[in-house]
Amino acid sequence: QPHIEESGGDLVQPGGSLKLSCAGFGFTPEFYAMAWFRQAPGKEREQIACISSADVIRSGRESLYYADAVKGRFSISRDDAKDTVFLQMASLTPEDTAVYICAHHEDNGSGCVGDQGTPHPPNRYRIWGRGTQVTVSS
């Protein structure tokens, strides 16, 4: 059964860094756009980062997406040999406290944005992990 497992969440002090991992099982993550979402208590789930499939990256098209809230502080990457996607987070603030969830796009060869240049909505993502908790607090 294809599934995703996230790990790396922790309690970290403001200004600290953390690296999350998203491992895919039963499918090949490099064939799909992979995205990180987060959901804080009382807030809607928001997409914060995405990396396109290997096909899109090789074609030279836009391959990364970051939400404004994390741009310049978070970095998404992938290790296709390990079927794993990473989210490196730096300069964390209490506003980054949330459950961080990884998901893969439903389409083989997918990119991170649609024709309008906006990120694909959550309903275009097929398999979701259960998330890993990140808490930023002193």
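Treat the numbers as computed from the prediction; the structure is a model and nothing was measured. In this numbering scheme, every chain counts its residues from 1 along its sequence in written order. Reporting of local features is limited, given that this is a predicted model, to residues whose pLDDT is at least 70; pairs of side-chain atoms are given and counted only at 80 or more, and all residues count toward the totals for whole chains, interfaces and linings. As a convention, hydrogens and water are excluded, and side-chain values are obtained from all of the structure's heavy atoms.

K.L.:
Describe the packing of aromatic side chains, with residues and values.
P.N.:
Pairing of aromatic rings covers Phe, Tyr and Trp, the last counted by its six-membered ring, and requires centre-to-centre distances within 6.5 Å; plane angles under 30 degrees mean stacked, over 60 mean edge-to-face, and any other angle means tilted. Scanning all chains against the criterion turns up four aromatic pairs. Measuring from centroid to centroid gives 6.2 Å for F27 and Y32, while their planes differ by 70°, and the two rings are edge-to-face. To sort residues, take the accessible area from a 1.4 Å probe on protein chains only and compare it with the maximum for the residue type: under 20% means buried, over 50% means exposed, and anything in between is partly exposed. You can call F27 buried: its relative accessible area is 11%. Look at Y32 and you get buried, because its relative accessible area is 14%. Measuring from ring centre to ring centre gives 6.3 Å for Y125 and W128, while their planes differ by 65°; the resulting arrangement is edge-to-face. Overall, the relative accessible area of 4% leaves Y125 in the buried class. Residue W128 is classed as partly exposed on the basis of its relative accessible area of 25%. A ring is scored as having a charge over it whenever the NZ atom of a lysine or the CZ atom of an arginine sits within 6 Å of its centre and within 35 degrees of its normal. Its end group placed over the ring of F86, K19 keeps NZ or CZ at 4.5 Å from the ring centre. In this structure, R45 packs its charged tip against the face of W128, placed 4.7 Å from the ring centre.

K.L.:
Talk me through the sheet that holds strand β7 (residues 74–79); I want residue IDs and the actual numbers.
P.N.:
Each pair of strands is called paired provided DSSP finds at least two bridges between the two strands. Numbering of helices and strands runs from the N terminus; a helix is a DSSP stretch of H or I covering at least four residues, while a strand is a stretch of E covering at least two. Strand order in this open sheet of four strands is β1-β3-β8-β7, and the pairing throughout is antiparallel. Here the strands that pair on one side only, and so sit at the sheet edges, are β1 (3–7) and β7. This sheet shows a mean twist of 15° between the axes of neighbouring strands, independent of strand direction. As paired strands, β1 and strand β3 (residues 18–25) are joined by five bridges and run antiparallel to one another. In the sheet register, H3 faces β3, and the bridge partner there is F25. To obtain each axis, a line is fitted to C-alpha atoms, and for helices this fit is confined to the stretch in contact; angles are then taken between N-to-C directions over 0 to 180 degrees.

K.L.:
I'd love a proper account of the pairing of strand β11 (residues 132–136), names of residues and values included.
P.N.:
Here β11 shows one buried face, formed by T132, V134 and V136, and one open face, formed by Q133 and T135. Inspection of the sheet shows strand β2 (residues 11–12) paired to β11 by two bridges, in the parallel sense. Along β11, the bridge assignment pairs L11 with T135. When strand β9 (residues 98–105) meets β11, the two strands line up antiparallel, connected through three bridges. Residue pairing across strands places Y100 opposite T132, the latter belonging to β11.

K.L.:
Tell me about unusual backbone geometry, residues and numbers included.
P.N.:
Of note, D83 is a non-glycine position whose phi angle comes to about 50°, a positive value. Tracing the sequence through the fold places D83 in the loop between β7 and β8 (84–89). Of note in this structure, S91 is not a glycine but carries a positive phi near 50°. As for its placement among the helices and strands, S91 is situated in the loop between β8 and β9. Classification of S91 by relative accessible area gives partly exposed; the value is 42%.

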